[in-house]
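# Observations on the model geometry
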Amino acid sequence: MEFVLEEIGKSLAHEVHLYPLTLKLGSGLHVLLGPTLAGKTSLMRIMAGLDKPSSGRITLDAKDLSKVRVQDRKVAFVYQQFINYPSLNVFENIASPLRVEGRLKARELREKVEAAAEMMQIQHLLKRMPAELSGGQQQRTAIARALVKDADLLLLDEPLVNLDYKLREELRSDMRDIFSHREAIVVYATTEPQEALMLGGTTTILDKGRLLQHGPTLEVYHQPSYQRVGEVFSDPPMNMLAAELKGGRFHLASGHDFMPSRTMTQLAEGDYTLGLRAHHVSLKPITGGVKLRARLELAEISGSQTFLHLHLDPNISLVAQLDGVHSYDFGQDLDIYLNPDKLFAFDQTSDQTSDQNSKLVASPAYRTHGLKEA
Amino acid sequence: MAEIRLDNIAHSYVTKPKSAQDYALKPMQLTWQDGGAYALLGPSGCGKTTLLNIISGLIKPSQGRLLFNGLDLTEASPEHRNIAQVFQFPVIYDTMSVFDNLAFPLRNRGVKATEVRKRVEEVAELLELSKDLNLRARGLSADVKQKISLGRGLVRSDVAAILFDEPLTVIDPHLKWLLRSKLKQIHQQYKLTLIYVTHDQIEALTFADQVVVMFEGEVVQTGTPQELFETPAHTFVGYFIGSPGMNLLPCELHQDGLYLGGQELALADEVFEKLRRQVGGGGWLELGIRPEFLNYSPQPVMNALRAHTEHIEDLGNFKMLHCHLENKPNLRLKVKVSEDRPANLGAAWLSFPKSWTKFYLDKQRIALEGL
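Quick caveat, the model's predicted, so the values are computed rather than measured.

### Section: the overall build of chain A
Looking only at helices and strands, one finds eight helices and 21 strands in chain A. Taking the contacts inside chain A whose residues are at least 6 apart along the sequence as the reference set, 66% of them involve residues at least 24 apart.

### Some points on the overall build of chain B
Helix and strand counts for chain B come out as nine helices and 21 strands. Projected onto the principal axes, the alpha-carbon positions of chain B cover approximately 75 × 50 × 35 Å. Counting every position in chain B, which comprises 371 residues, the buried fraction comes to 40%. Taking as baseline every contact in chain B between residues at least 6 positions apart, the subset at least 24 positions apart corresponds to 66%.

### Remarks on the sheet that holds strand β7 (residues 161–165) of chain B
Residue and element names in this part refer to chain B. As summarised here, the arrangement of the six strands in space is β6-β7-β8-β3-β9-β10, forming an open sheet in which the pairing is mixed. Only two strands of the sheet have a single neighbouring strand rather than two, namely β6 (83–86) and β10 (218–223). Recorded for the sheet is a direction-independent mean angle of 20° between the axes of neighbouring strands. Against the sheet, helix α4 (residues 142–154) contacts β6 and β7, and its axis sits at roughly 170° relative to β6.

### What to know about the environment of Gln-213 of chain A
Residues and elements named next belong to chain A. Note that Gln-213 resides in strand β10 (residues 210–216). Under the C-beta neighbour-count criterion, Gln-213 is labelled buried, with 22 such atoms within 10 Å. Counting along the chain gives 12 residues from Gln-213 to Ser-225, while the straight-line C-alpha distance between them is 6.8 Å.

### What to know about α4 of chain B
Residues and elements named next belong to chain B. With 13 residues, α4 extends 18 Å between its outermost C-alpha atoms, agreeing within 8% with the 18 Å of an ideal straight helix rising 1.5 Å per residue. Counting buried positions along α4 yields 10 of 13 residues, so the element is predominantly enclosed. Residues of α4 that are buried make contact with β6, α2 (98–107), α3 (113–126), β7 and α5 (173–190).

### Re the sheet that holds strand β18 (residues 328–338) of chain B
All names here are of chain B. Read across the sheet, five strands follow the order β15-β19-β16-β17-β18 without closing on themselves; strand pairing throughout is antiparallel. Looking at which strands have only one partner, the edges of the open sheet turn out to be β15 (295–297) and β18. Each adjacent strand pair in this sheet contributes to an overall mean axis angle of 40°, direction not counted. Where β15 and strand β19 (residues 346–351) come together, three bridges link them in antiparallel fashion.

### Considerations on the pairing of strand β4 (residues 63–68) of chain B
All names here are of chain B. Relative to β4, strand β1 (residues 4–12) runs antiparallel, the two being bridged by five bridges. Its bridge partner being in β4, Asp-7 is matched across the sheet by Arg-65. Where β4 lies against strand β5 (residues 71–72), two bridges are found, and the strand directions are antiparallel. When the bridges of β5 are listed, Phe-68 appears paired with Leu-71. Adjacent in sequence and paired antiparallel, β4 and β5 are bridged by two residues, among which Asn-69 carries a positive phi angle near 50°.

### Details of the packing of α2 of chain B against α4 of chain B
Residues and elements named next belong to chain B. Direction vectors running N to C along α2 and α4 enclose 30°, while the axes themselves pass 7 Å from each other. One way to sum up the angle between α2 and α4 is to call them roughly parallel. Here the hand of the crossing between α2 and α4 comes out right-handed. In this structure, α2 contributes Val-98, Asn-101, Leu-102, Phe-104 and Pro-105 to the contact, and α4 contributes Ile-148, Gly-151 and Arg-152.

### Some remarks on the interface of chain A and chain B
Listed as interface residues are 29 residues of chain A and, on the opposing side, 32 residues of chain B. Of all the elements, strand β16 (residues 290–301) of chain A adds the most residues to the side of chain A that touches chain B, at four residues. The residue makeup of the side of chain A that touches chain B, split by class, is 11 nonpolar, 10 polar and eight charged.

### Things to note about the packing of helix α3 (residues 106–119) of chain A against helix α4 (residues 135–148) of chain A
All names here are of chain A. Interaxial distance between α3 and α4 falls to 9 Å at its minimum, and their mutual angle equals 130°. Classed by the angle they form, the pair α3 and α4 counts as oblique. Seen from above, α3 lies across α4 with right-handed handedness. Touching Lys-112, Val-113, Ala-116, Ala-117 and Met-119 of α3 are Ala-144, Leu-147 and Val-148, all from α4. A class-by-class count of the residues in the contact of α3 with α4 yields seven nonpolar, no polar and one charged.

### Details of the pairing of strand β14 (residues 270–276) of chain A
Residues and elements named next belong to chain A. Of the pairings in the sheet, the one linking strand β11 (residues 239–246) to β14 comprises seven bridges and is antiparallel in character. Each residue of the ladder has a partner; that of Leu-241, found in β14, is Leu-274. Two elements, β14 and strand β20 (residues 344–347), share four bridges in a ladder whose sense is antiparallel. Bridge pairing links Thr-273 to Phe-346 in β20.

### Observations concerning the nonpolar core
Generally speaking, a soluble globular protein has its nonpolar side chains buried in company with each other. Membership of the largest hydrophobic core comes to 100 residues, with the highest contact counts inside it found for Tyr-38, Ala-39, Ile-162, Ile-195, Tyr-196 and Val-213 of chain B. Residues within four places of Val-213 of chain B in sequence aside, it is in contact with Leu-41, Gly-42, Val-220, Gln-221, Leu-228, Val-237 and Phe-240 of chain B. Core analysis: the next-biggest nonpolar cluster, separate from the first, contains 66 residues, Leu-29, Leu-33, Leu-43 and Ala-144 of chain A among them.

### Re the confidence of the model for chain B
Counting all residues, the mean pLDDT for chain B is 92, and 99% of those residues have values of 70 or more. Confidence estimates for the predicted assembly give a pTM of 0.89 and an ipTM of 0.85.

### Some points on the environment of Phe-233 of chain A
All names here are of chain A. Note on placement: Phe-233 falls in the loop between α8 (227–232) and β11. By C-beta crowding, Phe-233 is classed as buried, having 25 other C-beta atoms within 10 Å. Setting aside anything within four residues of it in sequence, one finds Phe-233 in contact with Leu-33, Pro-193, Ile-205, Val-220, Tyr-221 and Pro-224.

### Considerations on unusual backbone geometry
Cis peptide bonds are those with omega within 30 degrees of zero, and the linkage from Asp-235 of chain A to Pro-236 of chain A qualifies with 0°. If you trace the backbone, Pro-236 of chain A turns up in the loop between α8 and β11. Geometrically, the link from Ser-243 of chain B to Pro-244 of chain B is a cis peptide bond, its omega value of -10° lying close to zero. Take Pro-244 of chain B: it is sitting in the loop between α8 (235–240) and β11 (247–253). Despite not being glycine, Glu-158 of chain A shows a phi value in the positive range, around 40°. Among the structural elements, Glu-158 of chain A can be located in the loop between β7 (153–157) and α5 (165–179).

### Digging into the environment of Gly-39 of chain A
All names here are of chain A. Among the secondary structure elements, Gly-39 is positioned in the loop between β3 (28–33) and α1 (40–48). Through-space distance from the C-alpha of Gly-39 to that of Met-238 is 22 Å; in sequence the pair is 199 residues apart. Leaving out residues up to four positions away in the same chain, Gly-39 has contacts with His-17, Leu-18, Gly-34, Leu-206 and Gly-209.

Quick notes on the rules
Residues numbered from 1 in each chain as written. Chains lettered and ligands numbered in written order. Predicted model: local features only at pLDDT ≥ 70, side-chain atom pairs only at ≥ 80, totals over all residues. Helix = DSSP H or I, 4+ residues; strand = E, 2+ residues; numbered from the N terminus. Contact = placed C-beta atoms within 7 Å. Buried ≥ 20, exposed ≤ 12 C-beta atoms within 10 Å, placed from the backbone. Pairing = 2+ DSSP bridges. Axes fitted to C-alpha atoms, helices over the stretch in contact; angles between N-to-C directions. Expected span 1.5 Å × (residues − 1). Parallel < 35°, antiparallel > 145°, perpendicular 65-115°, else oblique. Left-handed = near helix turned anticlockwise from the far one by under 90°. Nonpolar A, V, L, I, M, F, W, Y, C, P; charged D, E, K, R; others polar. Core = buried A, V, L, I, M, F, W, Y, C linked by C-beta atoms within 7 Å. pLDDT = per-residue confidence, 0-100.

Below you can see the structure in the form of structure tokens.
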């Protein structure tokens, strides 16, 4: 299957929600990653046929979708807020799209509902009413209803955002397993980089209504075309440091200077923004590491990781991500080490026509392992 | 500020509780020390809100005593307990200015005008609200309103404790860490007794010096964030803290050794003897080890267990291996491997470092320290 969006744009009352974008999606899992107000929901509503684009064309296997009645499109949509019919039990909630179609015999319908329920591990809850379910079970019911339709296009708009983190963890890996075995085109919108990486497939980065990059998920992660992609596709956001390359060394505003890594030797002298993901800022000396002294503003603890929010004069903020849970005193000075081999370089000289103009000019070497399922 | 002690407190919403299941809160002993920053962490339905309501006086416990600095306040009404509370959603007067909102709890208690001004300005300074003091509260953004709510909780200097009930729910994710750092800074400066209720591990672990983890109406562990991560006292803590949580596997203790899925796990003699004493000769235990602490090798390694890698999640800065023990597809383990280390599907060898391998009997950790 091939789902093609050509120059799709959306404006409402002179306000641009989506700048014209072109995107080709095949069968499989596709992530739309972007912060709130990036345009993810606007794009998904257009994909679903719920909203008309202001410009452009959508085709599914070369058929113009705008000519197909919404009820004839094989589309399923799962929203952030779990939506179920409160007066129907779980079985009937899942069965409802099939009942509307009215093509199946009772036995076939039962089999389909049970298969979808089993995939979402709610087969033991079929007789319950939605109000008797936990949030996670309600969202599983809504997803099972989307799965039961055998839709060509399955759209999920931040489906896990309203669940607590333990449920999110479980459902995420379940969803990856389910979707990787389906023929359908699955589009999954999220604000969380970690979720995109867990789901795999392709990732499309959206920000303020613009498509910034599209490609295989790990490739986008390791080769962010723009500074903004690096920020969006890192949690915590990629650290950004202004630096001047002069006399064969990078000079930071803090007065520190160091040699560029091998991947950066071809860069011309001038101003750059250097990007460094938080897990490449270390408290342990690294060979060739750039040593800085920083003040600790807060240690955030995620449960298995510690994020140190650091400050350097003049006005440089950095986040370091450490494995494990550690306690540090607030306000203390720490020696930190930047790994120059892991730096990204973005230019500061591209044309000023858009606000996303800081282009990637050098990035760390990385290898994809090219692993396939056993 | 005060020390708050829960002496054998329990609560049931049923009039005549018969079994342990009828209790939302099972009998507990708990002391919140004066000046401590505590978090009360647990999933929904674990009893944390019931406990909070007992402290604030909204619920009278079915049994036990509540002591503030040794004084029995079990029967005292909420207003006689001298507790400030900050809720999930902003509780402020929309028509009043920010200044008047912050001043309200003080004026209400007849504090002198000069003192009111001093305290309000101090709190506004702390929360970076100084420039907003003359604005009307209506029309301010949700996070500014919630900051005012926090300020109203902090403004009285005479409270016994301040209770926060999921106070950052309405705050934009990007601003949360700023407010968390503010609260932490305020605690360090003023040494208030703060109790922070949440289901979110980041909030709890970041905010608190001591985290009280609740599960099914019981306190299953009280400890520092590091203790909860490194030495969970209960299997629930192992599961709940960390993403993903601790690997937990059934293992069997025999006369001659400890077995996991039919493979013997080499143990130091003294550890083996201690486990045997605890289990009474032989029987089933649970082994717990975090994905971060397992050592993975794609080649055979001495004293490692044979396993099989089914799936590798490449998460950018690390890889998460989904493994199971050899020939035991139900004995699954997650293993975290750093980005620069090789990992393959198929045969794997997993080593269990002694200090990170924990054992649990009836969900409680068997202490092996000092062995």
